There are 2 protein chains.
Amino acid sequence: MSENVVYVGNKSPMHYVLAVMIQFNRGSDKVVLKARGRAISRAVDVAEIVKNQFLPGQVESSVTIGTEEVGEGDQKRNVSTIEIVLTKKE
Amino acid sequence: MSENVVYVGNKSPMHYVLAVMIQFNRGSDKVVLKARGRAISRAVDVAEIVKNQFLPGQVESSVTIGTEEVGEGDQKRNVSTIEIVLTKKE
């Protein structure tokens, strides 16, 4: 268990920063932030706050973006996704 | 001149998709999307629309995130940034 996922939604960025820090403090060397749609900007904020304020110089991030289909039938639409992998440097 | 920057702001995603497509159609092999704050989600939408709907299978994206300081004096604050490099596959 060295990889953990934090789903970023509509709460304040600090809520998710805390979730990330709990994972790192438990000994994880990798935490993955996932978000969709409007929450994508917030996920980037969370990653930057962890990198710059909580673990400066200790964490690297790698980012991938994608698309998911949500809804059914006539309600189907595409939503953008982001995945930010935060890795502790050795 | 093979690299061009499109700054993503508050207009509709299609506005920026068009700007990207104009660059590619002029012969650019690389277009860079840049956005800050709330517009980050929109920049991801733009990249995904270009990749999936306008140039399916022909474009790769690589993403970096960062932080910039904006404002002066007491108004100084940090804002997250994203840079999405869209590259045409050979």
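All of the points below concern the structure found in this document. (Residues numbered from 1 in each chain as written. Chains lettered and ligands numbered in written order. Predicted model: local features only at pLDDT ≥ 70, side-chain atom pairs only at ≥ 80, totals over all residues. Heavy atoms only, no water.)

### Some thoughts on the overall build of chain A
Per the secondary structure count, chain A includes 2 helices and 4 strands. Going residue by residue from the N terminus, the α and β elements of chain A occur as β-α-β-α-β-β. For chain A, the spread of C-alpha atoms along the principal axes amounts to about 50 × 25 × 20 Å. Residue pairs at least 24 apart in sequence account for 68% of intrachain contacts in chain A once pairs closer than 6 positions are excluded. Accessible area for chain A stands at about 5200 Å²; split by element, carbon and sulfur atoms hold 44% of it. Across chain A, the mean location of the 12 positive side-chain charges is 5 Å away from that of the 11 negative side-chain charges. (Helix = DSSP H or I, 4+ residues; strand = E, 2+ residues; numbered from the N terminus. Contact = heavy atoms within 4.5 Å. Areas by Shrake-Rupley, 256 points an atom, 1.4 Å probe, with all protein chains shown as cover. Lys, Arg positive; Asp, Glu negative; His and termini not counted. Charge placed at Lys NZ, Arg CZ, Asp CG, Glu CD.)

### Here we look at the packing of helix 2 (residues 39-54) of chain A against helix 2 (residues 39-54) of chain B
Helix 2 of chain B packs onto helix 2 of chain A with a crossing angle of 115 degrees between their chain directions and a minimal axis gap of 6 Å. Relative to helix 2 of chain B, helix 2 of chain A is oriented so that their crossing is right-handed. Contacts between helix 2 of chain A and helix 2 of chain B pair Ile40, Ser41 and Val44 of chain A from the former with Ile40, Ser41 and Val44 of chain B from the latter. Looking at the contact of helix 2 of chain A with helix 2 of chain B, its residues break down into 4 nonpolar, 2 polar and no charged. (Axes fitted to C-alpha atoms, helices over the stretch in contact; angles between N-to-C directions. Left-handed = near helix turned anticlockwise from the far one by under 90°. Nonpolar A, V, L, I, M, F, W, Y, C, P; charged D, E, K, R; others polar.)

### Side note on the packing of helix 1 (residues 13-25) of chain B against helix 2 of chain B
All names here are of chain B. As a packed pair, helix 1 and helix 2 sit with axes 9 Å apart at the nearest point and diverge in direction by 55 degrees. Judged on the interaxial angle alone, helix 2 and helix 1 are oblique. The crossing of helix 1 and helix 2 is right-handed. On the side of helix 1, the interface is formed by Pro13, Met14, Tyr16, Val17, Val20, Met21 and Phe24, while helix 2 contributes Arg42, Val46, Ile49, Val50 and Phe54. (Parallel < 35°, antiparallel > 145°, perpendicular 65-115°, else oblique.)

### Quick look at the relation of the copies chain B and chain A
When chain B is brought onto chain A, the operation consists of a screw motion whose angular component is 180 degrees and whose axial shift is 0.0 Å, with 0.0 Å RMSD remaining. Here the copies are linked by what is in effect a two-fold axis. (Least-squares fit on C-alpha atoms with pLDDT ≥ 70 in both.)

### Digging into the interface of chain B and chain A
The partner chain A presents 21 residues to the 21 residues of chain B that form the contact. Summing both partners gives a buried area of about 1300 Å² for chain B against chain A, and 56% of it is carried by carbon and sulfur. Counting the contacts that link chain B with chain A gives 0 salt bridges. Remark: the boundary between chain B and chain A carries 11 residue pairs in polar contact (both at pLDDT 80 or more). With 9 residues, the single largest contributor to the side of chain B that touches chain A is helix 2 of chain B. When the residues that make up the side of chain B that touches chain A are grouped by side-chain class, the tally is 7 nonpolar, 10 polar and 4 charged. (Buried area = accessible area lost by both parts, 1.4 Å probe. Salt bridge = Lys/Arg side-chain N within 4 Å of Asp/Glu carboxyl O. Polar contact = N/O pair within 3.5 Å; in protein donor to acceptor, adjacent residues only side chain to side chain.)

### Examining the nonpolar core
If you look at the biggest cluster of nonpolar residues, it comprises 50 residues, and the most contacted ones within it are Ile82 and Ile84 of chain A together with Ile82 and Ile84 of chain B. Beyond its immediate sequence surroundings of up to four residues, Ile82 of chain A is in contact with Leu33, Lys34, Ala35, Ile40, Ala43, Val44, Val63, Thr64 and Ile65 of chain A together with Ile82 of chain B. (Core = buried A, V, L, I, M, F, W, Y, C linked by side-chain atoms within 4.5 Å. Buried < 20%, exposed > 50% of the residue type's maximum accessible area, 1.4 Å probe, protein only.)

Remember that the coordinates give geometry; whether it matters functionally is a separate question.
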